[in-house]
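Here is what each chain is made of, one letter per residue.
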Amino acid sequence: GYMGGTSAQEFAELQDSVHADIAKADLITLNVGANDMFTQGMMYASYVLDDANLKIGDVTGYQIRSQLVSLLTGQSEGDLYNAVYTFFGYAYMAGVLPEVIAAFLYGFGKGIMNFSSHWDQIIKQIREINPNCELVAIGLMNPFHRCKLTGASLVEIGPLTDGNTMIANNYIQNESPYRDQYTYCDVTGACDYVFMPRALVEADFVNELMLNVHPTL
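Residue positions are given per chain, counted from 1 along the sequence in the order it is written. The model is predicted, so local features are restricted to residues of pLDDT at least 70 and side-chain atom pairs to those at 80 or more, both for listing and for counting; the totals for chains, interfaces and linings are taken over all residues. Think of the side-chain values as coming from all heavy atoms in the structure, minus any hydrogens and water.

Draft legend 1. Region of the structure containing the nonpolar core. Nonpolar core, defined: a set of buried Ala, Val, Leu, Ile, Met, Phe, Trp, Tyr and Cys residues in which side-chain atoms within 4.5 Å join the residues together. With a 1.4 Å probe rolled over the protein chains alone, any residue whose accessible area is under 20% of its type maximum counts as buried; one over 50% counts as exposed, and the rest are partly exposed. Residues Met42, Leu49, Phe87 and Trp119 are the most contacted members of the largest nonpolar core, which totals 47 residues. A run of H or I in DSSP counts as a helix once it spans at least four residues, and a run of E counts as a strand once it spans at least two, with each numbered from the N terminus. Of all the elements, helix α6 (residues 97–129) adds the most residues to this core, at 11 residues.

Draft legend 2. Expanded view of the environment of aspartate 50. Within the secondary structure layout, aspartate 50 lies in the loop between α3 (34–46) and β2 (55–56). Assessed through its relative accessible area of 37%, aspartate 50 is described here as partly exposed. Contact definition: two residues touch when any of their heavy atoms are within 4.5 Å. With residues near it in sequence (within four places) discarded, aspartate 50 still touches Tyr62 and Arg65.

Draft legend 3. Just the sheet that holds strand β4 (residues 134–138), in detail. In this analysis, strands are considered paired if DSSP registers two or more bridges between them. Judged by pairing direction, the sheet is parallel, and its 3 strands sit side by side in the order β1-β4-β5 without closing on themselves. At either margin of the open sheet sits one strand with a lone partner, and together these are β1 (27–30) and β5 (183–185). If you compare each strand with its neighbour and ignore which way they point, the axes differ by 25° on average. Across 3 bridges, β4 lies against β5 in parallel orientation. Of the residues in β5, the one forming a bridge with isoleucine 138 is cysteine 185. Lines fitted to C-alpha atoms define the axes here, with helix axes fitted over just the stretch in contact, and angles between the N-to-C directions of these axes take values from 0 to 180 degrees. Along the sheet, α6 makes contact with β1 and β4, crossing β1 at roughly 170°.

Draft legend 4. Just the pairing of β4, in detail. Burial analysis of β4 places 4 of its 5 residues in the buried class, the great majority of the element. Pairing analysis gives 4 bridges linking β1 to β4, with the strands arranged parallel. Within β4, the position partnered with isoleucine 28 by the bridge is leucine 135.

Draft legend 5. Geometry of the packing of aromatic side chains. For Phe, Tyr and Trp, rings pair up if their centres lie within 6.5 Å, where Trp contributes its six-membered ring, and each pair is then called stacked (planes under 30 degrees apart), edge-to-face (over 60) or tilted (otherwise). On inspection of all chains with the given rule, the structure shows 8 aromatic pairs. An angle of 70° between the planes, with centres 6.0 Å apart, marks the rings of phenylalanine 38 and phenylalanine 104 as edge-to-face. Here phenylalanine 104 lies in helix α6 and phenylalanine 38 lies in helix α3, a separation of 66 residues in the sequence. In this pair, the class of phenylalanine 38 matches that of phenylalanine 104, namely buried.

Put into C-alpha cells, the structure is as follows:
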C-alpha cells in the first residue's frame, strides 16, 4: 500500500499488481481504511468553500476547494497534506472554520459505509489468493484525538472523531463477515510521538501530524 490511498485504491492494487506477492506470503499485515473516512470528510468540508463570493485577496474559496478536490480524487498530483493545511487555514481566515469542521465530521461518518464495503472485498480477495497465510488486521487510531481548531481554543475537537474510529474498529473486530479470517490488532492508543494538542491552523501541524498518523509504519 501507500500513504494517502484509500481502501478502494488498495483493492485495485490487489487486482492489478500484488497477487504473486500475496500468494507466496506466510504473513500479511493489513492497515487500510482511515483514508476512506478522511477523504469523504474532506470532500464534504470542501463544499463550504464552494462559493465564488468567498474571497481573501485574489484567492477565492472556489479555487482552494478545486485544488483540494483534484488531489483527493487523483485528478492531479501534489502534496495532499499541505493542501489540507492550506484549506483549513483559508477557512479560518474566511471565518467559516466551524462550518468546515461540522461538514468534515458529517462526511467522516459517511465514509464508514465505504470503508466496510471495501474492507470485506479486500479480505475476500486475499483469502481467495492465499487461504493459509497468517493475516493480521491492524485497527485504526485517531491521530486527531487532542486536536484543537486554533491555539486559543479551549475545547479539543479531536474526540469528535473518536466515535467513528471506534465504529470502524468494531466492524473489523466483530461485525465483518470475514472476521474469522484474520487476527485483529488494536492500535487505538499507539500514538508514540505525542505532538497534541496542536491547532489545525498552526504552520507545523501537517509535518508533525505525519509523524503520528501512521504509527504502524
